[in-house]
Amino acid sequence: MKVGLALSGGGARGIAHLGVLKALDELGIKISMISGVSSGAIAGVLYAAGYTPDQILVLIKELSVFKIVRPVFGKAGLLHLDEVEKLYVKHLGAGVKFEDLKIPVVISATEMNEGVTAYFSSGELIKPLLASSAVPILYHSIEYQGKLLNDGGLLNNLPVDPLHTNCDVKLAVHVNPINHQAHVTTLRGMIERTVLLAINNNVKLRMHLCDLLIEPQELKYYRLTNFRKADEIFDIGYRYTLQMEKHIRQLI
């Protein structure tokens, strides 16, 4: 039985994907295919490359966002991804291809000119991976294969679609539950809230495509930038997935 796993975007909340993966490993659930977007694509690619969830957590905790992003002017974005690209090369290898991964992975990005989702599953890996999490305006677009690419979550933040005809069971992890008791008081909070509400609309359209949705509700209390709480977020994904064991085994 082929088990597919779709991993949503969600900034720091995406660290919960690692906890989910650790729990699935402990439950003996073998993943046959991963479809990821933004932070979900990062977690999925590193896992498919052979890193354990705990090893990926260490990499994220050691990573200083302020050291790897720098301003870039005169382009469609404020921050550059050159240093992020160097990190991917360091941990995945120069010239790494999708075919080098131990598990097949599909990465989603948004093609900005056409306004459609672009899927990548073969050939060069790092460019699509960079594009998948390049938030529009904040990061400059990635030009690849004649396409102008940005964060895939803009149009599809729960990329179950590529798993539909390739897997017998489709699990999806969504790390952006809405906090309906939120109290927005700052401009930063309003921007983050707007992004979450807008993106959640495209998630609802795809929930029926998965056989089981893993959506830890505790994550709604964490900001998209709460990387300092990585251990807590990891643990939430881990514990929640273990609690879902009965439902997972009924499918598999």
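The rules behind the values
Residues numbered from 1 in each chain as written. Predicted model: local features only at pLDDT ≥ 70, side-chain atom pairs only at ≥ 80, totals over all residues. Heavy atoms only, no water. Helix = DSSP H or I, 4+ residues; strand = E, 2+ residues; numbered from the N terminus. Rg over C-alpha atoms; globule rule 2.2 N^0.38 Å. Buried < 20%, exposed > 50% of the residue type's maximum accessible area, 1.4 Å probe, protein only. Contact = heavy atoms within 4.5 Å. Areas by Shrake-Rupley, 256 points an atom, 1.4 Å probe, with all protein chains shown as cover. Lys, Arg positive; Asp, Glu negative; His and termini not counted. Charge placed at Lys NZ, Arg CZ, Asp CG, Glu CD. Pairing = 2+ DSSP bridges. Patch = residues over 30% accessible without salt bridge, like charges linked within 9 Å, V, L, I, M, F, W, Y side chains within 5 Å. Salt bridge = Lys/Arg side-chain N within 4 Å of Asp/Glu carboxyl O. Axes fitted to C-alpha atoms, helices over the stretch in contact; angles between N-to-C directions. Parallel < 35°, antiparallel > 145°, perpendicular 65-115°, else oblique. Left-handed = near helix turned anticlockwise from the far one by under 90°. Nonpolar A, V, L, I, M, F, W, Y, C, P; charged D, E, K, R; others polar. Polar contact = N/O pair within 3.5 Å; in protein donor to acceptor, adjacent residues only side chain to side chain.

A. View of the overall build of the protein. Secondary structure summary: the protein contains nine helices and eleven strands in total. Against the compact-globule benchmark of 18 Å for 252 residues, the protein has a radius of gyration of 17 Å, which places it among compact chains. Principal-axis analysis of the C-alpha atoms gives the protein an extent of 55 × 45 × 35 Å. A total of 252 residues make up the protein; the buried ones form 51% of that total. Within the protein, counting contacts between residues at least 6 apart in sequence, those at least 24 apart form 75% of the total. Surface exposure of the protein reaches about 12,200 Å², of which carbon and sulfur atoms provide 55%. Of the charged side chains in the protein, 26 are positive and 24 negative; the average position of the first set lies 4 Å away from that of the second.

B. Examining the pairing of strand E9 (residues 147-151) more closely. Two elements, strand E5 (residues 105-111) and E9, share three bridges in a ladder whose sense is antiparallel. Each residue of the ladder has a partner; that of Thr 110, found in E9, is Asn 150. Judged from the three bridges that link them, strand E8 (residues 142-144) and E9 form a sheet pairing that is antiparallel. Residue pairing for E9: Glu 143 is matched across the bridge by Leu 148. Hairpin connection between E8 and E9: a loop of two residues separates the two successive antiparallel strands, and Gln 145 in this loop has a positive phi of roughly 55°.

C. Layout of a nonpolar patch on the surface. Taken together, Val 184, Leu 187, Met 190, Ile 191 and Val 195 make up a surface patch of nonpolar side chains, about 450 Å² in accessible area. Considering the arrangement of structural elements, one finds Met 190 in helix H7 (residues 187-204).

D. Highlighting unusual backbone geometry. A positive phi angle, near 55°, is found at Ser 38, a position not held by glycine. As for its placement among the helices and strands, Ser 38 is situated in the loop between strand E2 (33-37) and helix H2 (39-48). Of note in this structure, Gln 145 is not a glycine but carries a positive phi near 55°. You can see Gln 145 is positioned in the loop between E8 and E9.

E. Region of the structure containing the packing of helix H1 (residues 16-26) against helix H3 (residues 53-62). It is at 9 Å that the axes of H1 and H3 come closest, and there the two elements cross at 160°. Classified by the interaxial angle, the pair formed by H1 and H3 is roughly antiparallel. H3 is crossed by H1, and the crossing has left-handed handedness. From H1, Leu 18, Leu 21, Lys 22 and Asp 25 reach across to H3, where they touch Pro 53, Asp 54, Ile 56, Leu 57 and Ile 60. Residues belonging to the contact of H1 with H3 are distributed by class as follows: six nonpolar, no polar and three charged.

F. How the structure looks around the side chain of Glu 215. Along the polypeptide, Glu 215 turns up in the loop between strand E11 (212-214) and helix H8 (230-243). Buried charge Glu 215 goes without a salt bridge, the closest partner of opposite sign being Arg 13 at 8.3 Å. A distance of 2.7 Å separates a polar atom in the side chain of Glu 215 from a polar atom in the side chain of His 174. Leaving out residues up to four positions away in the same chain, Glu 215 has contacts with His 174, Pro 177, Met 207 and Tyr 240.

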